[in-house]
Amino acid sequence: MHSTLPEQIESKRLIIRVARPGDGAIFNAAILESLDRLSPWLGWVSPPPTLEQSEQSCRKAYARFLFNEDLMAFFFQRSDGALVGGSGLHDANSDLRCFEIGYWGHTRFAGRGLITEGVAVLSEYALNYLNASRVFLTTDEMNIASWRLAERAGFELEGTLRNDRRNLSGGFRNTRVYSRVPSDNPIANKSVEATG
């Protein structure tokens, strides 16, 4: 078992790697092209980030990765190197070996299953190689595309927290909580290869 976050993981169609200094331009372009789809759900895209803010996010993410604190990852299509979205393993609890996972997708690549593949592979890596006891995510009950993706990626619904936080409009929202635990995935996925 590994105790450090991976710099890069490869799957059938994706290269999943840590955000690095210099990635700000491609990150910013993907977000700006996808604002209509992302802004109802993700507070960090409103107001739209500047190129400088996106580069700063990548630099900070890489620093946190170097300290083994957090993994902000980008999904690149293996066939052409295009940035198709992102995810990460966040809020690691070293005592419980627990990670939170989040995700977003570039609108241009929607409907191809690429984000589902990346989220599944990243969570499998956490369970099989980082010895995670739990990988979980939360999503707004109204964000149907997000919770359906979670289910396709192998996450099980644990429950719905009613009126547990505010949505981006200031009203109360219900939050669906999903998780994967080792018993959900007893055999290591041989298609996952960590590099770097």
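One numbering rule holds for all chains: residues counted from 1, following each sequence as written. The predicted origin of the model limits local features to residues at a pLDDT of at least 70 and limits the giving and counting of side-chain atom pairs to 80 or more, whereas totals for whole chains, interfaces and linings rest on all residues. Hydrogens and water are ignored here; the side-chain numbers use all heavy atoms of the structure.

Student: So what about the nonpolar core? Which residues, and what values?
Tutor: Looking at soluble globular proteins, one finds that nonpolar side chains tend to be buried together. Joining through side-chain atoms within 4.5 Å is the link that ties buried Ala, Val, Leu, Ile, Met, Phe, Trp, Tyr and Cys residues into a set, and such a set is a nonpolar core. Buried means the residue's accessible area, taken with a 1.4 Å probe over protein chains only, is under 20% of the maximum for its type, while exposed means over 50%, and partly exposed covers the values in between. The biggest cluster of nonpolar side chains holds 35 residues, and the ones touching the most others in it are Ile-16, Leu-71, Leu-89, Ile-101, Val-119 and Phe-155. Only runs of H or I of at least four residues qualify as helices and only runs of E of at least two qualify as strands under DSSP, and these elements are numbered from the N terminus. Every element with two or more residues in this core is listed here: β2 (14-18), β3 (71-77), β4 (83-93), β5 (98-105), α4 (114-128), β6 (134-140) and α5 (144-152). Element by element, the count of residues in this core is highest for α4, at nine residues. Residues Ala-19, Ala-30, Leu-38 and Leu-83 belong to the second largest nonpolar core, which totals 15 residues.

Student: Can you break down the pattern of salt bridges residue by residue, with the values?
Tutor: For this document, the term salt bridge refers to a Lys or Arg side-chain nitrogen within 4 Å of an Asp or Glu carboxyl oxygen. By the definition in use, this model includes 12 salt bridges. With a shortest N-O distance of 2.5 Å, Arg-134 and Glu-158 are connected by a salt bridge. Linking Arg-134 in strand β6 with Glu-158 in strand β7 (residues 156-166), this pair joins segments that are 24 residues apart in sequence. For Arg-134, a relative accessible area of 22% corresponds to the partly exposed category. On the accessibility criterion, Glu-158 (46% relative accessible area) is partly exposed. Several salt bridges share partner residues, and in doing so they unite Arg-64, Glu-69 and Asp-70 into one network.

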